[in-house]
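This is what each chain is made of:
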Amino acid sequence: EGLWESASETAHCLKARLAIVHMVHEARGLDVTPKTMQKMKSLGDKDSAALLNTIYQEEITHVEAGCRWFTHICEKEGLDQFPYFH
């Protein structure tokens, strides 16, 4: 599913939104971006690699914030976050 579809489908539940948008979609970006940056560099496109690095650094903070808030909400509601995430 796409990011916007997931955002729409999780509009009813903040925990679901944090888990899917931040901890899945944005985290996937963290998985693939380093390899994409390396590919850009190897093709001589250092500007695109630098831009991707900026985006990568921002995504780290997005995933971190999503995890922090997801954990906080689960703890406040007395939920075990790991089974809830899965």
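Refer to the structure presented above.
Residues numbered from 1 in each chain as written. Predicted model: local features only at pLDDT ≥ 70, side-chain atom pairs only at ≥ 80, totals over all residues. Heavy atoms only, no water.

Trainee: What should I look at first to understand the overall build of the protein in this one?
Mentor: A count of helices and strands for the protein gives four helices and zero strands. Each helix and strand of the protein, placed in order from N terminus to C terminus, yields the pattern α-α-α-α. Across its three principal axes, the protein shows a C-alpha extent of roughly 50 × 25 × 15 Å. Here the protein displays about 6100 Å² of accessible surface, and carbon together with sulfur accounts for 58% of that area. Here the protein holds 9 positive side-chain charges and 13 negative ones, and the gap between their average locations is 5 Å. (Helix = DSSP H or I, 4+ residues; strand = E, 2+ residues; numbered from the N terminus. Areas by Shrake-Rupley, 256 points an atom, 1.4 Å probe, with all protein chains shown as cover. Lys, Arg positive; Asp, Glu negative; His and termini not counted. Charge placed at Lys NZ, Arg CZ, Asp CG, Glu CD.)

Trainee: How do you make sense of the packing of helix H2 (residues 14–42) against helix H3 (residues 46–76) when you look at a structure like this?
Mentor: Between two packed helices, the angle of one axis relative to the other and the distance separating the axes together describe the packing. Remark: H2 packs on H3, axes separated minimally by 8 Å, with the N-to-C direction vectors making an angle of 155 degrees. With respect to each other, H2 and H3 are oriented roughly antiparallel. When you trace H2 past H3, the crossing you get is left-handed. (Axes fitted to C-alpha atoms, helices over the stretch in contact; angles between N-to-C directions. Parallel < 35°, antiparallel > 145°, perpendicular 65-115°, else oblique. Left-handed = near helix turned anticlockwise from the far one by under 90°.)

Trainee: Help me out: how do you make sense of H2 in this one?
Mentor: Given 3.6 residues to a turn, an α-helix orients residues that are three or four positions apart in the same direction. The terminal C-alpha atoms of H2 lie 40 Å apart, and with 29 residues this matches the ideal 42 Å at 1.5 Å per residue to within 8%. At Val32, H2 shows its largest bend, some 35 degrees, and a proline, Pro34, comes one to four positions later. Phi turns positive, to about 85 degrees, at Gly44, one or two residues after H2. (Expected span 1.5 Å × (residues − 1). Bend = angle between axes of the 7 residues up to and from the residue.)

Trainee: Explain the environment of Phe70 to me, please; I cannot follow it from the model alone.
Mentor: Tracing the backbone shows Phe70 in helix H3. Along the primary structure Phe70 and Arg17 are separated by 53 residues, whereas in three dimensions their C-alpha atoms are 9.1 Å apart. With residues up to four places along the chain from it excluded, the contact list for Phe70 reads Lys15, Leu18, Ala19, Met23, Gln81, Tyr84 and Phe85. (Contact = heavy atoms within 4.5 Å.)

Functional significance is not addressed by these values, which are geometric in nature.
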